[in-house]
Amino acid sequence: MLLKKNYRAWIGMVCMVILLSGCNGETTTVVKQPEVTYFRLAEIHPSDHPTTKADREFARLVEERTEGRIIIKVYDSEQLGPEKAVLEQVQFGAIDFTRLSMGQVAEISPQLNVLQLPYIYRDSDHMWQVLNSDIGDFFLDSIEDKGLIGLAWYDAGARSFYNSVREIKTLSDLEGLKFRVMESQLMVEMARALGASVIPMAYGEVYSSIQTGVIDGAENNFPSYETSLHYEVAKYFTIDEHVRVPEMLIASNKILDRISEEDLAIIMACAEESEIYQRDKWRIEEKESEQKLRDLGIIITEIEDRQAFVEAVRPLYDRYANDYLEMVERIQNMESLE
Ligand code: GTR
């Protein structure tokens with residue numbers, strides 16, 4: 001269809017001036033107010049999370065570039081529900097926009113698992129090199145048959161384990177500990193392959209589940225660990241970086257019933273701009289977050305045997321990317337830009 005390619009299209013006029021001639025021969029000018037279309041964007045993170053800031057920047061750009069004709073209101077902190085339910089509602093069109101972890105979207109579009117295989121990227125620059133290539137475009141467009149419009153990629157750094165019990169230095173330290181993972185089959189199998197016990201659950205339940213001892217810990221990036229306050233109940237953070245899960249800014253294709261192709265093009269351009277904004281913000285705030293956590297006395301441990309982690313999850317490549325093994329090789333061989 002439409003999408004990425006069309007966004008440089010001409011933007012139509014906003015106001016229509018209708019000249020009416022009165023019976024007495026005088027001319028009256030009536031300015032017809034443009035109609036405003038309101039949309040909702042669902043975000044699970046709180047308002048101080050770097051990704052929520054990028055959602056707001058996206059909404060700001062859309063309002064500015066459509067001269068107020070389209071207003072997107074950002075509902076953060078899971079106000080519109082957990083990610084799994086939000087995804088369903090976006091498919092139905094009950095929610096118009098969302099920013100989701102690709103881990104969630106991969107549950108309905110399993111080809112996306114290729115981009116979240118454990119240790120597939122060497123680092124953040126490598127991941128961005130892939131996301132901004134034809135491979136990234138292919139996967140962003142690949143969710144169209146699920147009623148979704150992939151607008152942009154956002155960064156979510158690398159995910160690592162944290163827990164309330166002990167420092168993790170080697171694979172064997174994970175044994176006997178129970179971790180929450182995202183409601184994603186790949187994430188469940190990945191944590192098991194590393195030797196951990198696993199419970200998939202919604203993000204919003206993690207804090208109390210650690211506090212009450214239902215689980216020993218979870219896994220995430222520094223800004224999420226910090227803004228969710230999970231560090232208050234799980235003070236051992238291990239930098240094992242087992243997976244980088246890109247985030248997706250998504251629209252329901254039901255929005256197409258309410259806006260023109262020209263406005264869709266504007267929205268897509270704003271999404272791309274917000275991607276750059278988010279990536280920059282992420283880079284800065286991820287470091288700030290790590291520093292803040294260190295200052296708070298969180299015990300941050302580097303693993304001793306990264307290669308052992310890499311090898312333990314290797315069998316998942318065949319299970320989750322069997323139809324895409326050539327693409328996986330292309331990804332792995334892609335040079336980082338910086
Ligand atoms: C965060 C991600 C969220 C959500 C959360 C989780 O890093 O930004 O979209 O997936 O992790 O673990 O549920």
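Residues numbered from 1 in each chain as written. Predicted model: local features only at pLDDT ≥ 70, side-chain atom pairs only at ≥ 80, totals over all residues. Heavy atoms only, no water.

Asker: Explain the site of the ligand here, please?
Answerer: Taken together, 13 residues surround the ligand, and among them His-45, Glu-83, Arg-159, Arg-180 and Asn-220 come closest. At 2.8 Å, a side-chain N or O of Arg-99 approaches an oxygen atom of the ligand. A distance of 2.8 Å separates an oxygen atom of the ligand from a polar atom in the side chain of Arg-159. In the complex, 98% of the free accessible area of the ligand, which totals 320 Å², lies under the protein chains. (Near = heavy atom within 4 Å. Polar contact = N/O pair within 3.5 Å; in protein donor to acceptor, adjacent residues only side chain to side chain. Areas by Shrake-Rupley, 256 points an atom, 1.4 Å probe, with all protein chains shown as cover.)

Asker: What exactly am I supposed to notice about the pairing of strand S3 (residues 37-42) here?
Answerer: In summary, the side chains of a regular strand alternate between the two faces of the sheet. For S3 and strand S4 (residues 70-75), the ladder comprises six bridges, and the chain directions are parallel. Bridge assignment links Ala-42 to a residue of S4, and that residue is Tyr-75. Tracing the backbone out of S3, into helix H1 (residues 50-65) and back to the parallel element S4 gives a crossover that is right-handed. The pairing of S3 with strand S5 (residues 97-101) spans two bridges and is parallel. Each residue of the ladder has a partner; that of Leu-41, found in S5, is Phe-97. (Pairing = 2+ DSSP bridges. Helix = DSSP H or I, 4+ residues; strand = E, 2+ residues; numbered from the N terminus. Right-handed = clockwise from strand over helix to strand, strands pointing away.)

Asker: Can you help me understand the confidence of the model for the protein chain in this one?
Answerer: In the predicted model, the protein chain carries a mean pLDDT of 92, and the fraction of residues at 70 or more is 90%. In this model residues 1-25 is a low-confidence stretch, pLDDT under 50, and it forms 44 contacts with partners more than four residues away in sequence or in other chains. (pLDDT = per-residue confidence, 0-100. Contact = heavy atoms within 4.5 Å.)

Asker: Explanation requested: the pattern of salt bridges in the structure shown.
Answerer: Should their charged atoms come close, side chains of opposite charge can pair. Tallying each qualifying case throughout the model produces 20 salt bridges. The partner of Glu-273 in a salt bridge is Arg-65, and the shortest N-O contact between them spans 2.8 Å. Placement of the pair is Glu-273 in helix H9 (residues 261-295) and Arg-65 in helix H1, with a sequence separation of 208 residues. A relative accessible area of 32% places Arg-65 in the partly exposed class. With a shortest N-O distance of 3.6 Å, Glu-241 and Arg-306 are connected by a salt bridge. Highlighted residues: Glu-241 in the loop between strand S11 (236-239) and strand S12 (247-252) and Arg-306 in helix H10 (residues 306-313), separated in sequence by 65 residues. Classification of Arg-306 by relative accessible area gives partly exposed; the value is 35%. (Salt bridge = Lys/Arg side-chain N within 4 Å of Asp/Glu carboxyl O. Buried < 20%, exposed > 50% of the residue type's maximum accessible area, 1.4 Å probe, protein only.)

Asker: So what exactly am I meant to see when it comes to the packing of helix H5 (residues 134-141) against helix H12 (residues 325-333) here?
Answerer: Describing two packed helices takes the angle between their axes plus the distance from one axis to the other. Here H5 crosses H12 at 135 degrees, and the two axes come no closer than 11 Å. Considering the angle they form, H5 stands oblique to H12. Taking contact as the criterion, the partners of Asp-134, Ile-135, Phe-138 and Phe-139 in H5 are, on H12, Met-327, Arg-330 and Ile-331. Looking at the contact of H5 with H12, its residues break down into five nonpolar, no polar and two charged. (Axes fitted to C-alpha atoms, helices over the stretch in contact; angles between N-to-C directions. Parallel < 35°, antiparallel > 145°, perpendicular 65-115°, else oblique. Nonpolar A, V, L, I, M, F, W, Y, C, P; charged D, E, K, R; others polar.)

Asker: Explain the nonpolar core here, please?
Answerer: Inside soluble globular proteins, nonpolar side chains tend to come together where they are buried. Formed by 58 residues in total, the largest nonpolar core has its most connected members in Leu-115, Trp-153 and Met-248. Ranked by residues supplied to this core, first place goes to helix H6 (residues 185-193) with five residues. Those residues in contact with Met-248 that lie beyond four places of it in its chain are Thr-98, Arg-99, Leu-100, Met-102, Val-105, Leu-112, Phe-139, Leu-140, Ile-143, Ala-152 and Trp-153. (Core = buried A, V, L, I, M, F, W, Y, C linked by side-chain atoms within 4.5 Å.)

Asker: Got a minute to help me understand the layout of surface pockets in this structure?
Answerer: Rolled over the atoms, a probe as big as a water molecule pinpoints where empty space is left. Put simply, the largest pocket is a space of about 360 Å³. Elements with a minimum of two residues in the lining of the largest pocket: helix H4 (124-131), S11 and H9. If one sorts the elements of the lining of the largest pocket by residue count, H9 sits on top with six residues. When grouped by side-chain class, the residues that make up the lining of the largest pocket number five nonpolar, four polar and nine charged. (1 Å grid on protein atoms, 1.4 Å probe; cavity = no way out; pocket = protein on both sides within 12 Å on 5 of 7 lines; lining within 4 Å. Points joined across faces, edges and corners; volume = space filled by probe spheres on them.)

Asker: Help me out: how do you make sense of H9 in this one?
Answerer: Each turn of an α-helix holds 3.6 residues, which means side chains three or four residues apart point in the same direction. Taking 1.5 Å per residue as the helical rise, H9 with its 35 residues ought to reach 51 Å, and the 50 Å between its terminal C-alpha atoms agrees with that figure. With its phi angle positive at about 90 degrees, Gly-297 sits one or two positions after the end of H9. (Expected span 1.5 Å × (residues − 1).)

Asker: What am I meant to see in H5 here?
Answerer: Among all positions of H5, only Ile-135, Gly-136, Phe-139 and Leu-140 are buried. Along H5, the residues classed as buried sweep out an arc of 130 degrees about the axis, all on the same side. Lining the buried residues of H5 we find H4, strand S6 (148-154), S12 and H12. (Arc of directions from axis to C-beta.)

Asker: Would you explain the packing of aromatic side chains in this entry?
Answerer: For any pair of aromatic rings, the description consists of the separation of the ring centres together with the inter-plane angle of the planes. Summed over the entire model, instances satisfying the criterion amount to ten aromatic pairs. Linked through ring pairs, Tyr-162, Phe-222, Tyr-225, Tyr-231 and Phe-237 together constitute an aromatic cluster. The positively charged end of Lys-73 is found above the aromatic ring belonging to Tyr-75, 4.6 Å away from the centroid. (Phe/Tyr/Trp six-rings, centres within 6.5 Å; stacked < 30°, edge-to-face > 60°. Lys NZ or Arg CZ within 6 Å of the ring centre and 35° of its normal.)

Asker: Which parts of the structure should I look at to understand the side chain of Asp-240?
Answerer: Within the secondary structure, Asp-240 sits in the loop between S11 and S12. Despite its burial, Asp-240 pairs with no opposite charge; the closest candidate is Arg-306, at 7.4 Å N-O. Polar side-chain contacts of Asp-240 include one of 3.0 Å to the backbone nitrogen of Phe-161. Beyond its immediate sequence surroundings of up to four residues, Asp-240 is in contact with Tyr-119, Arg-159, Ser-160, Phe-161, Ile-303, Arg-306 and Phe-309. (Lys, Arg positive; Asp, Glu negative; His and termini not counted.)

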